[in-house]
Amino acid sequence: MKEQSIRLQVQCERWRESEEGKECHKQRRSLPIAQMEESLKATMINEQVAIVCGETGSGKSTQVPQMLLEHALASGKGGPTNILCTQPRRIAATSLARRVASERGEKVGEGMVGYQVRLESKRNNNTRLLFCTTGIALRMMLSGIPLSLSLSRSTFR
């Protein structure tokens, strides 16, 4: 797990230092949700539940999961981290996964960002941020699949 964490951390740092990564970071910083990054991280460390409310386009669905992922990677805990981001519709889950993967300079399902909806899955062993429908998440919980696919509080400690 430690080796995987280091490998993922290096991969993230390379992307962040690239010209494309710097431009993407600049664009992401212009979104309203960026002002809440430190507060969101602190909340995830200290609380079991957090509700994020904001206007459409503020970055709730695209930026918050990335903030949490980047925090885990920077903390050297990328290996055991798995973030599950649920969406009510398949098109929303797949579209968001493509958008976030694009922002991270990767193709969905080939890097750290993937999705799983009914009858379709694009993910691999490096997927750390999984977008899925609420139905898929519920089936994962009911089937007894270990929620290593979900975000646990201990990941951020």
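Residues numbered from 1 in each chain as written. Predicted model: local features only at pLDDT ≥ 70, side-chain atom pairs only at ≥ 80, totals over all residues. Heavy atoms only, no water.

### Notes on the sheet that holds strand β2 (residues 113–117)
1) Next: Spatially, β1-β4-β2-β3 is the arrangement adopted by the four strands of the open sheet, whose pairing is mixed. A single partner strand is all that each edge strand has here, and the edge strands are β1 (83–87) and β3 (120–122). In this sheet, adjacent strand axes meet at a mean angle of 20° when their direction is disregarded.
2) Next: The pairing of β2 with β3 spans three bridges and is classified as antiparallel. Considered in β3, the bridge of Tyr115 is made with Lys122. (Pairing = 2+ DSSP bridges. Helix = DSSP H or I, 4+ residues; strand = E, 2+ residues; numbered from the N terminus. Axes fitted to C-alpha atoms, helices over the stretch in contact; angles between N-to-C directions.)

### Considering the pattern of salt bridges
1) Next: Inspection of every chain in the model, using the stated rule, returns six salt bridges.
2) Next: The residue Glu38 makes a salt bridge to Lys41 at a minimum N-O spacing of 3.5 Å. Linking Glu38 with Lys41, this pair stays in helix α3 (residues 37–46), spanning three residues, or about one helical turn.
3) Next: You can call Lys41 buried: its relative accessible area is 15%.
4) Next: The residue Glu103 makes a salt bridge to Arg99 at a minimum N-O spacing of 2.8 Å. You can see Glu103 and its partner Arg99 sitting in helix α5 (residues 90–103), four residues apart, about one turn around the helix.
5) Next: When salt bridges with common partners are traced through the structure, they connect Arg29, Glu37, Glu38 and Lys41 into a single cluster. (Salt bridge = Lys/Arg side-chain N within 4 Å of Asp/Glu carboxyl O. Buried < 20%, exposed > 50% of the residue type's maximum accessible area, 1.4 Å probe, protein only.)

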